[in-house]
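# Understanding the architecture of this molecule
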Amino acid sequence: MIALVILEKLRSPNKHFDIRYLKSLTNFQQVRKYAEECGLKSFEDIGSSRLVFVLSSSKVLKVAKSEAGIEQNEIEIKVRQSTDSDILTKIFDYDSKFRWIIAELVKPFKSSTEFMKAAGSDAYFFDRAARIYDDTHDLDDVRQRYEQDGYENWELFSHNFMNIFDIANEFNITDLSYTNYGTTADGRLVILDYGLTE
């Protein structure tokens, strides 16, 4: 559903949005009002503490709705700045008080089948592989089980798996279901919302 909403928003791109004016605004209520006045359509982010406004086919503006949304923005920025992993969305600009961020647009997966095509396995095997790797720290053990279970794109899977495993462990990202992943405009598999790390 969210993916359909995103595509609908992209049919009417905004032509009046001014980043310099955005940076002059002093609270998230003003930011939200400005985005709406510019004609940017929105949808609620995961957790409903932020509104996401579509800026282009590759960028979104995430605006806090409350202190919880500001905290989500701050976490997302700090996590992104601490790693160059391509499993996380890029952040292009942000407010120094975390009222808003401009980040990559992510198209959520509509089904586990879509996830499997992009990731190299279903989300269930990702979780299973994480437990195997946690126990043995040997990627060959994961590969053996991967092939035993009939999966066929080890190169794709191992790249995504190691990126996700490292980031999930470092930042305690606990939701590894397919609904918390998506693809960017350049086709990368990414975590949909890492502002919700625990």
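Each remark here, short or long, concerns the structure printed above.
Here the structure is a predicted model, which means the values were calculated and not measured.

### A look at the overall build of the protein
Within the protein, the secondary structure is distributed over eight helices and eight strands. For the protein, with 198 residues in total, the buried portion stands at 46%. The long-range fraction of contacts in the protein, counting pairs at least 24 apart against all pairs at least 6 apart in sequence, stands at 60%. On the protein, roughly 10,400 Å² of surface is accessible, and the fraction owed to carbon and sulfur atoms is 47%.

### A word on the nonpolar core
Leu-61, Phe-115, Val-142, Phe-157, Phe-161 and Leu-189 are the most contacted members of the largest nonpolar core, which has 50 residues in total. Beyond its immediate stretch of four places on either side in the chain, Phe-115 contacts Phe-109, Gly-120, Ser-121, Asp-122, Ala-123, Phe-126, Tyr-178, Tyr-181 and Leu-189. Formed by five residues, the second largest nonpolar core is a distinct cluster that contains Phe-43, Val-52, Val-54 and Val-60.

### Observations regarding the pattern of salt bridges
Applying the stated criterion across every chain yields a total of twelve salt bridges. Across the pair Lys-23 and Asp-93 runs a salt bridge, and its minimum N-O distance is 2.9 Å. Here the residue Lys-23 occupies a position in helix α2 (residues 19-24), and Asp-93 occupies one in strand β4 (residues 91-94), the gap between them amounting to 70 residues. The class of Asp-93 is partly exposed, set by a relative accessible area of 21%. The residue Arg-50 makes a salt bridge to Glu-76 at a minimum N-O spacing of 3.0 Å. Residue Arg-50 is found in strand β2 (residues 50-54), and its partner Glu-76 is found in helix α4 (residues 67-81); the two are separated by 26 residues along the sequence.

### Focus on helix α6 (residues 123-136)
Three or four residues apart is the spacing at which side chains of an α-helix point the same way, because the helix has 3.6 residues per turn. In a regular helix each residue adds 1.5 Å, so 14 residues correspond to 20 Å; α6 covers 20 Å between its end C-alpha atoms and thus fits that length. Among the residues making up α6, those that are buried are Ala-123, Phe-125, Phe-126, Ala-129, Ala-130, Ile-132 and Tyr-133. Packing partners of the buried residues in α6 comprise α5 (112-119), α7 (139-148) and α8 (154-171). Downstream of α6 by a residue or two, His-137 has a phi angle that is positive, lying close to 55°.

### Structural notes on the packing of aromatic side chains
The tally for this structure, following the rule as stated, stands at 18 aromatic pairs. Ring centres of Phe-115 and Phe-126 lie 5.6 Å apart, and the angle between their planes is 70°; this geometry places the pair in the edge-to-face category. Here Phe-115 is found in helix α5, whereas its partner Phe-126 is found in helix α6, with eleven residues between them in sequence. With relative accessibility at 4%, the residue Phe-126 sits in the buried group. Between Phe-157 and Phe-161 the ring centres are 5.5 Å apart and the planes differ by 10°, which places this aromatic pair in the stacked class. On the criterion of helical spacing, the pair formed by Phe-157 and Phe-161 is a turn pair, its members being four residues apart in helix α8. Of the two residues, Phe-157 and Phe-161, both sit in the buried class. One aromatic cluster in this structure is built from Phe-109, Phe-115, Phe-125, Phe-126, Tyr-133, Tyr-146, Tyr-151, Trp-154, Phe-157, Phe-161, Phe-165 and Tyr-181.

### Here we look at the packing of α6 against α7
Close contact between α6 and α7 brings their axes to 8 Å; oriented N to C, the two are set at 145°. Considering only the axes of α6 and α7, their crossing is right-handed. Taking contact as the criterion, the partners of Phe-125, Arg-128, Ala-129, Ile-132, Tyr-133 and Thr-136 in α6 are, on α7, Leu-139, Asp-141, Val-142, Arg-145 and Tyr-146. Partitioning the contact of α6 with α7 into residue classes produces seven nonpolar, one polar and three charged.

### Quick notes on unusual backbone geometry
Notably, Phe-98 is not glycine yet its phi reads approximately 65°, a positive angle. For Phe-98, a relative accessible area of 17% corresponds to the buried category. With a phi close to 55°, His-137 is a non-glycine residue in the positive phi region. By the secondary structure assignment, His-137 is in the loop between α6 and α7. Under the relative-accessibility criterion, His-137 is labelled exposed at 56%.

Each value, and the rule that gives it
- Residue indices follow the written sequence of each chain, beginning from 1 at its first position.
- Where local features are concerned, this predicted model is filtered to residues with pLDDT of at least 70; where side-chain atom pairs are given and counted, the filter is 80 or more; whole-chain, interface and lining totals use all residues.
- Only heavy atoms go into the side-chain values, all of them from the structure, while hydrogens and water stay out.
- Secondary structure follows DSSP: runs of H or I at least 4 residues long count as helices, runs of E at least 2 residues long count as strands, and numbering of each begins at the N terminus.
- Burial status follows relative accessibility: with a 1.4 Å probe on protein chains alone, a residue under 20% of its type maximum counts as buried, one over 50% as exposed, and anything between as partly exposed.
- Contact criterion: two residues are considered in contact whenever any of their non-hydrogen atoms come within 4.5 Å of each other.
- Calculation of accessible area relied on Shrake-Rupley with a 1.4 Å probe; when residues are assessed, cover is drawn exclusively from the protein chains displayed.
- Note on terminology: a nonpolar core comprises buried Ala, Val, Leu, Ile, Met, Phe, Trp, Tyr and Cys residues joined through side-chain atoms within 4.5 Å.
- When a carboxyl oxygen of Asp or Glu is within 4 Å of a side-chain nitrogen of Lys or Arg, the pair counts as a salt bridge.
- Expected helix span is taken as 1.5 Å per residue step, with the number of steps being one fewer than the number of residues.
- Working definition: a ring pair exists when centres of Phe, Tyr or Trp rings (six-membered ring for Trp) sit within 6.5 Å. Plane angles under 30 degrees give stacked, over 60 give edge-to-face, the rest tilted.
- Between N-to-C directions, angles cover 0 to 180 degrees, with each direction set by a line fitted to C-alpha atoms, over the stretch in contact for helices.
- In this scheme, a crossing is called left-handed if the near helix is turned counterclockwise away from the far one by less than a right angle; it is called right-handed if the turn is clockwise.
- By the convention adopted, Pro, Cys, Tyr, Trp, Phe, Met, Ile, Leu, Val and Ala count as nonpolar, Lys, Arg, Asp and Glu as charged, and the other residues, Gly among them, as polar.

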